[in-house]
Amino acid sequence: MSHVGVPRGTARKRRRLPALLTAGVLTLPVLAGCGSGGDEPAPVAAAPQDVARAARDRVADGGRVTWAVDALPGTLNAFQADADSATTRITGALLPTLFPLDAHGRPQLNPDYLESAKVTETEPRQVVVYRLNQQAVWSDGREIGAPDFVAQWRALSGKDSAYWTARNAGYERIEKIERGADDLEVKVTFAKPYADWRSLFSPLYPKQVTGSPDAFNEGARTTLKATAGPFRLREVDKKTESVTLTRDPRWWGARAKLDSLVFKAVAPQDRADALAEGAVDVADIDSTTAHRIAQAAREGAAGAPAQGGPGAPLGPAQALRSWAVAHGTDEDAAAAEQEVRDKRAEAAEAYADEQSGLRAYVVRKSLEPAYTQLALNGESGPLADDRVRRAVARALDRQELADTVLKPLGLPAQPLGSHLAVAGQPAYRDASEALGPQDTEKAQALLAAAGWTREGALDRNDGTKAGSEGEKQKKDAAEKKDAAEKKGSAGQEPADDGKPGEAVRDAVPAQDRQPGGAAGAYAPAGTAAPAGGADAARGPLGKNGKPLSLRFVLPSGPGSAGVRSVGEKIAAMLDTIGIRTVITKVSDDSYFRDHVASGDYDMALYSWPATAYPATDDRPIFAKPVPASDGSLLVEQNYTRVGSDHIDQLFDRAASELDEKAAQDLMRQADARIWAAAGSIPLFQRPQLVATGKSLVNVGAFGLATPHYQDIGYKAPRAAGPPAHRAGE
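Conventions we followed
Residues numbered from 1 in each chain as written. Predicted model: local features only at pLDDT ≥ 70, side-chain atom pairs only at ≥ 80, totals over all residues. Heavy atoms only, no water. Core = buried A, V, L, I, M, F, W, Y, C linked by side-chain atoms within 4.5 Å. Buried < 20%, exposed > 50% of the residue type's maximum accessible area, 1.4 Å probe, protein only. Contact = heavy atoms within 4.5 Å. Axes fitted to C-alpha atoms, helices over the stretch in contact; angles between N-to-C directions. Helix = DSSP H or I, 4+ residues; strand = E, 2+ residues; numbered from the N terminus. Parallel < 35°, antiparallel > 145°, perpendicular 65-115°, else oblique. Left-handed = near helix turned anticlockwise from the far one by under 90°. Nonpolar A, V, L, I, M, F, W, Y, C, P; charged D, E, K, R; others polar. Arc of directions from axis to C-beta. Polar contact = N/O pair within 3.5 Å; in protein donor to acceptor, adjacent residues only side chain to side chain. Pairing = 2+ DSSP bridges. Right-handed = clockwise from strand over helix to strand, strands pointing away. Salt bridge = Lys/Arg side-chain N within 4 Å of Asp/Glu carboxyl O.

A. Focus on the nonpolar core. The biggest cluster of nonpolar side chains holds 95 residues, and the ones touching the most others in it are Leu374, Ile570, Leu605 and Ile681. If we ignore the near neighbours within four places in the chain, the residues touching leucine 374 are Val392, Leu396, Phe552, Ile570, Met603, Ala604, Leu605, Gly679, Ser680, Ile681 and Leu683. Formed by 69 residues, the second largest nonpolar core is a distinct cluster that contains Phe99, Phe190, Val690 and Tyr709.

B. Focus on the packing of helix α9 (residues 386-395) against helix α11 (residues 440-449). The geometry of α9 relative to α11 is characterised by a closest axis approach of 8 Å and an angle of 165 degrees between their N-to-C directions. Classed by the angle they form, the pair α9 and α11 counts as roughly antiparallel. For the element pair α9 and α11, the recorded crossing hand is left-handed. Here Arg387, Val388, Arg390, Ala391, Arg394 and Ala395 of α9 lie close against α11, whose contacting residues are Thr440, Lys442, Ala443, Leu446, Leu447 and Ala449. Of the residues contributing to the contact of α9 with α11, the split by class is seven nonpolar, one polar and four charged.

C. Molecular detail of helix α10 (residues 398-406). Taken together, the buried positions of α10 are Arg398, Leu401, Ala402, Val405 and Leu406. Considered in projection along α10, the buried side chains sweep an arc of 105 degrees and stay on one side of the axis. Its side-chain oxygen placed 3.3 Å from the backbone nitrogen of glutamine 399, aspartate 397 serves as the N-cap of α10.

D. Here's a closer look at the pairing of strand β6 (residues 231-237). Where β6 meets strand β7 (residues 242-247), six bridges bridge the pair, whose relative direction is antiparallel. Each residue of the ladder has a partner; that of valine 236, found in β7, is valine 243. Turn length for the β6-β7 hairpin, with the two strands adjacent in sequence and antiparallel, is four residues, and the turn residue glutamate 241 shows positive phi of about 50 degrees.

E. Just the environment of aspartate 386, in detail. Residue position: aspartate 386 is located in helix α9. Under the relative-accessibility criterion, aspartate 386 is labelled partly exposed at 33%.

F. Representation of the pairing of strand β14 (residues 549-555) in the model. Counting buried residues in β14 gives seven out of seven residues, a clear majority hidden from the surface. Of the two faces of β14, the one lined by Ser549, Arg551, Val553 and Pro555 and the one lined by Leu550, Phe552 and Leu554 are each fully buried. In terms of strand pairing, β14 meets strand β15 (residues 580-586) through seven bridges, oriented parallel. Note that in β15 the partner of phenylalanine 552 across the bridge is isoleucine 583. With respect to chirality, the unit in which β14 leads through helix α14 (residues 561-575) into the neighbouring parallel β15 is right-handed. In this sheet, strand β16 (residues 603-609) lies alongside β14 in parallel orientation, the contact comprising two bridges. Paired with phenylalanine 552 across the strands is methionine 603, a residue of β16.

G. Spotlight on the sheet that holds strand β4 (residues 174-179). Here we have four strands laid out as an open sheet, ordered β2-β3-β5-β4, and antiparallel in their pairing. Bordering the open sheet on either side are β2 (114-121) and β4, each of which pairs with just one other strand. The average angle at which neighbouring strand axes cross in this sheet is 15 degrees, direction not considered. Strand direction decides the pairing type here: β4 and strand β5 (residues 185-190), joined by five bridges, are antiparallel. Pairing of arginine 179 across the sheet is with valine 186, part of β5. Sitting on the sheet, helix α2 (residues 146-156) touches β3 (127-132), β4 and β5, and the angle it makes with β4 is about 160 degrees.

H. How the structure looks around unusual backbone geometry. In this structure, proline 124 follows glutamate 123 across a cis peptide bond, with omega equal to -5 degrees. Mapped onto the fold, proline 124 is located in the loop between β2 and β3. Of the consecutive residues serine 202 and proline 203, the connecting peptide bond is found in the cis state with omega at -5 degrees. With respect to the helices, strands and loops of the structure, proline 203 is situated in the loop between β5 and α3 (207-210). The residue phenylalanine 201 is not glycine, and still its phi comes out positive at about 60 degrees.

I. Local environment of the pattern of salt bridges. Within the structure shown, the criterion is met by 26 salt bridges. The partner of aspartate 102 in a salt bridge is arginine 106, and the shortest N-O contact between them spans 2.9 Å. By relative accessible area, which is 16% here, aspartate 102 ends up buried. Here arginine 593 makes a salt bridge to aspartate 594, at a shortest N to O gap of 3.1 Å. Classification of arginine 593 by relative accessible area gives exposed; the value is 52%.

Written as structure tokens, this is what we have:
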């Protein structure tokens, strides 16, 4: 089994966290000519931001906003291994970000902290000079200056293993940092050119945090000794699982509109209740909650009662029967039925109250700066052969998958064509032609070239699963084969009960399923199979008597139903080319840690965040794995275990290329190579659904942009002052 990570004491790359798809996300190769020469197509249009934009003079002063996060952050140090999305959200309101991202994901100089920042020399060394805003100070009154830059560089350079850092990319390239012409100037000299220099020093921590290993490792986990943003940290309350920020009186920029900003831990499955109760004002939500909010708005506009949900009215026949039993002569049956009717009425009343509460919110939607991929583990088994990986990729109808996820939400349903940029970013170009479009015949030809044929499956059909690491023993193979055949003859599919386990997908070939049927909804037992035809001759492929079988690991939790739905569609597509898929459902907690990261899978679904700095941030995701001294494989974050020296070289060249167009060209070449290797197949950009109070402005689905926390607030009413129910404490 592969080991993930790097040995202690070695320089770590910039670390990015993959994301598991949730129910909210899923509602309902010739390389020649892959360079950027000649005319290039325009980027695919992205969904715009949806943040209820308002000018600052239209935003009321005062009030409090409570923002739901997944969990109380384990640390406020964004450079530690257990930093998470809540850490990023909170520190964004407290600490300097020198180059926040605009609506197109482009880094833009932040005038609150910098007057200028530019490369002043390239030979013999790259030199960047930062000119600081003379008003920029920490909350303790000290000026932001070169000592803060120096302390952060030393902490993140990787030279001192006493600092427990999760990422240091770029900092290891710095040769020295010194004071410039005066105290407002910081001069950074690089030992090696670094194209992504704008990614450095964001967030910038005060030297009190980064100046010593003890302060860095432990001093910023639950508190910050100094901040420099529109808000300052007031309290981290573990009892209420909330972090409270208040307006910073020392802030020299545009004054924060809100008095306080509270980040409260609310599990995704509990957010509908929290919203209905008015416990939060802003929350990322799933599609089910989004549907309920939209339905509540329609009901409110029409003056109609709540529809659906628990306690929904019975049909005429059921209602008549219930009334008859409740008023019948059988006293026991009448009492039992009356109890059921009372509970139904209570449930309906509670649901109606929740719907009433949800009318105070609106759903903001855009495309999230993250994409979902199908990961193919190329370390061992059939997928170690690039022809099999390419066949899997060519069998996928990525447009159908994108339509399934995005169209019901009214978002652009376009398959993603890049591993290194998403729609809306200037660097985005579709490089998927390096692999080729969906083509069943080409996929079958690739499999045949790799030796997987229907004749090969007949040589010795013992049910052995190819592709799982360390093939299982065969003593029960015949029994498993018989069971699978019985399920197939009955037209049955193992139920998606959300419990860990395995389901053999070749039990019901795709050609035997009803066209247009929902995933998991097939003909009942005993239904006759379609008579003859071209599809009737189809069957699983094999080699030397071993069927071509891939283990598809999916999460089993109730919040992961959407993941499993997409997984089922993918499995059905692979059925059409003779690949048997064994779906293994595992707990959500162990899905990534014990399966994806450890390499215990053949196929898996997970997401990566987009970045403005692909040469830096994406390199560890696609780096070629290298053998360790103990015989294991060091994969960094390349959990597909598929890479090449050429791809690594393109990333390295791009990271050192100071000409932006030339760097983008190198990245596009790398992307084409990644497509051709077929270890990671981008499917679609994830939807972003955010519930916000109707009177809130400048907050919602930010898309690619960095939030401007000082501009968030309540729409200014005709009478001065914030809404009474959100007045400052």
